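Read off the chains here:
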Amino acid sequence: MRNLKTPAENTWCPGCGNFGILSAVRKAVARLEDEGVTASRLAISAGIGCHAKIFDYLALSGFYSIHGREMATVQGMKLANPDLSVIAFAGDGDAYGEGLVHLLFAAKRNADITVVVHDNGVYGLTTGQFTPTSPEGFKGPSTPGGNVERPFNPLALMLEAGATFVARGYPGSLDHLADLIVRAVRHRGCSFIDVLQPCVTYNDTYDRYNEHAGLMDDTPATLDEALARARQEDPLLLGVFRDEDKPTFHEKLMPDRNPVRDRLDRASRIRRMTTLYNNR
Ligand SMILES: Cc1ncc(C[n+]2csc(CCOP(=O)(O)OP(=O)(O)O)c2C)c(N)n1
Ligand code: SF4
Ligand SMILES: [Mg+2]
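Here the residue index of a chain counts from 1 through its sequence in written order. Just so you know, chain letters begin at A and ligand numbers begin at 1, following the order they were written in. Where local features are concerned, this predicted model is filtered to residues with pLDDT of at least 70; where side-chain atom pairs are given and counted, the filter is 80 or more; whole-chain, interface and lining totals use all residues. Neither water nor hydrogens contribute to the side-chain values; these are computed over all heavy atoms in the structure.

*Asks:* Which parts of the structure should I look at to understand the packing of aromatic side chains?
*Replies:* Here a ring pair, both rings aromatic, is described through the centre-centre distance and the interplanar angle of the planes. Here the aromatic set is Phe, Tyr and Trp, taking the six-membered ring for Trp, and pairing holds for ring centres within 6.5 Å; pairs whose planes are under 30 degrees apart are stacked, those over 60 apart are edge-to-face, and all others are tilted. Overall, the coordinates contain five aromatic pairs when judged by the stated rule. With a centroid separation of 4.9 Å and 45 degrees between ring planes, the pair formed by F55 and Y64 is classed as tilted. Burial status follows relative accessibility: with a 1.4 Å probe on protein chains alone, a residue under 20% of its type maximum counts as buried, one over 50% as exposed, and anything between as partly exposed. Y64 sits in the partly exposed class, given a relative accessible area of 33%. Where Y96 meets F192, the ring centres are 6.5 Å apart and the plane angle is 65 degrees; that geometry is what we call edge-to-face. With Y96 in helix α3 (residues 92-98) and F192 in strand β6 (residues 191-196), the pair connects residues that are 96 residues apart, well separated along the chain. Put simply, the rings of W12, F19 and Y57 touch in pairs and so form one group of aromatic residues. Distance and angle both matter: a charge sits over a ring if NZ of Lys or CZ of Arg is within 6 Å of the ring centre and within 35 degrees of the ring normal. If you follow R109 out to its NZ or CZ, it ends over the ring of F249, 5.3 Å from the centre. Taking the ring centre of Y277 as reference, the NZ or CZ of R280 above it sits at 4.0 Å. Helix and strand definitions follow DSSP, with helices as H or I runs of at least four residues and strands as E runs of at least two, each counted in order from the N terminus.

Now the structure itself:
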């Protein structure tokens, strides 16, 4: 088993919750490899932000996307080669701000992707502006008088949008988070994990989560129950809120087709295009 380490220098602030997410991903990939999902069958992408540096610290294939577009990027990877398992690492500003529509539509069509959101309630890389999940009253460079907006509840949004695997994790419960990632990657369909990620520099939430987060020991039986538990604030529940089996986007769109495997050689492509052109 490879440890997935890379030579890249780690520049996260000491104590950042991203370290726990990185460890959980490494543990999860090792377990998936034991199950036959080898690293060569995994592809990743990331947005732009502190979270995205995880791309540099994991020896896995893929490419950086742009801010908020990693959900679209991994959907493209999956459609091009349905044999891959794909993971998008996203920030909360990234996924719930600029990339929100990509996220919701991935859930709507049940795209067979995994999205891991490093939800630190702040634009970390750009030094602490408020995001769609910052609490009311949050003070930062763009909200010096305190945020006056109500935050999104990402789990409720994704449950309503149709994601078939919806979970919340916390790096302080490392093995639990690794387990959620394994289950999300195994799941056929749109898997979404909102990870409560403390940002020690701009939004240090360790005390709050250590005090108020609690593990669920079951999965809600209905969507209404899942929504009710997702909205609960104390305890803030960790675990799987939804896990349902539904046909996925690529299976419905192009059953049995794998564009990478079935790719025509250049001469055949030119012949086909010439025929199309001549018969227009
Ligand atoms: C299209 C675009 N808009 C804005 C930016 C500037 N930008 C870079 S990182 C970032 C904040 C990222 O915040 P978040 O997604 O929450 O990630 P974090 O740094 O907190 O992990 C922003 C606004 C950008 N790079 N590209
Ligand atoms: S600014 Fe926050 S999110 Fe970014 S590395 Fe530092 S602690 Fe982590
Ligand atoms: Mg953020």
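*Asks:* Could you clarify how one ought to interpret the coordination of the magnesium ion (ligand 3) in this entry?
*Replies:* Around a metal, the ideal angle is 109.5 degrees if four donors adopt a tetrahedral arrangement and 90 or 180 degrees if six donors adopt an octahedral arrangement. In this structure, D92 (OD), N120 (OD1) and V122 (O) serve as the protein donors to the magnesium ion (ligand 3), at separations of 2.0 to 2.2 Å. For Na, K and Ca the donor cut-off is 3.2 Å, and for all other metals it is 2.8 Å, counting N, O and S atoms only; because water is absent from this set, sites may look incomplete. Each donor residue of the magnesium ion (ligand 3) belongs to the same chain, with the gaps between them written as D-x27-N-x1-V. Taken together, the positions of D92 in helix α3 and V122 in the loop between β4 (114-119) and α5 (154-161) put the pair 30 residues apart, joining distant regions of the chain. For D92, a relative accessible area of 1% translates into the label buried. For V122, a relative accessible area of 3% puts it in the buried group.

*Asks:* Can you help me understand the site of ligand 1 in this one?
*Replies:* If a single non-hydrogen atom of a residue is within 4 Å of a molecule or strand, that residue counts as near it. Around ligand 1 there are 16 residues in total, and C50, H51, D92, D94 and G124 lie nearest to it. Two N or O atoms form a polar contact when they lie within 3.5 Å of each other; inside protein one atom must be a possible hydrogen donor and the other a possible acceptor, and for residues adjacent in sequence the pair counts only when both atoms belong to side chains. Residue C50 places a main-chain N or O atom 2.8 Å away from an oxygen atom belonging to ligand 1. V122 has a polar backbone atom sitting 2.9 Å from an oxygen atom of ligand 1. Relative to its unbound accessible surface of 580 Å², ligand 1 loses 74% to contact with the protein. Throughout, the ten residues Ala, Val, Leu, Ile, Met, Phe, Trp, Tyr, Cys and Pro are labelled nonpolar, Asp, Glu, Lys and Arg are labelled charged, and all others, Gly among them, are labelled polar. The class makeup of the residues in the shell around ligand 1 is five nonpolar, eight polar and three charged. Accessibility throughout is a Shrake-Rupley quantity obtained with a 1.4 Å probe, and a residue counts as covered only by protein chains that appear here.

*Asks:* Can you walk me through the site of ligand 2 in this structure?
*Replies:* As a structural note, the neighbourhood of ligand 2 is formed by W12, C13, C16, C50, N120, Q197, C199, V200, T201 and Y202. Classifying every residue of the shell around ligand 2 gives seven nonpolar, three polar and no charged.

*Asks:* Quick question: what am I supposed to make of the sheet that holds strand β1 (residues 42-46) here?
*Replies:* Pairing between the strands of a sheet comes from backbone hydrogen bonds, and it takes one of two forms, parallel or antiparallel. Strand pairing is assigned whenever DSSP identifies at least 2 bridges connecting the two strands. Taken together, eight strands build an open sheet; the order of strands is β2-β1-β3-β4-β6-β5-β8-β7 and the sheet is mixed. A single partner strand is all that each edge strand has here, and the edge strands are β2 (61-64) and β7 (213-215). Pairs of neighbouring strands in the sheet enclose a mean axial angle of 20 degrees, with direction left out of account. Examined bridge by bridge, β4 and β6 share six bridges and lie parallel to one another. The residue bridging V115 from the neighbouring strand is F192, located in β6. Axis definition: a line fitted to C-alpha atoms, limited for helices to the stretch in contact. Angles are taken between N-to-C directions and run from 0 to 180 degrees.

*Asks:* Where do I start with the nonpolar core in this structure?
*Replies:* Nonpolar side chains tend to gather and get buried jointly when the protein is soluble and globular. Residue types Ala, Val, Leu, Ile, Met, Phe, Trp, Tyr and Cys, when buried and joined through side-chain atoms within 4.5 Å, form a set referred to as a nonpolar core. Judged by nonpolar contacts, the single largest core of 36 residues is most densely connected at V25, I54, L58, L60, F89, I181 and I193. The set of elements that each furnish at least two residues to this core consists of α1 (18-34), β1, β3 (85-91), β5 (165-169), α6 (174-186) and β6. In terms of nonpolar packing, the next biggest core, distinct from the first, is built from 31 residues, A90, A111, I113 and L237 among them.

*Asks:* Hey, could you run me through α5 in this one?
*Replies:* Residues that lie three or four places apart on an α-helix share one face, since the helix turns once every 3.6 residues. When we look at burial in α5, the residues that qualify are P154, L155, A156, M158 and L159. Where α5 begins, one side-chain oxygen reaches toward the backbone nitrogen of L155, 3.1 Å away; that side chain belongs to N153. Remark: G162 follows α5 within two positions and exhibits a positive phi of approximately 110 degrees.

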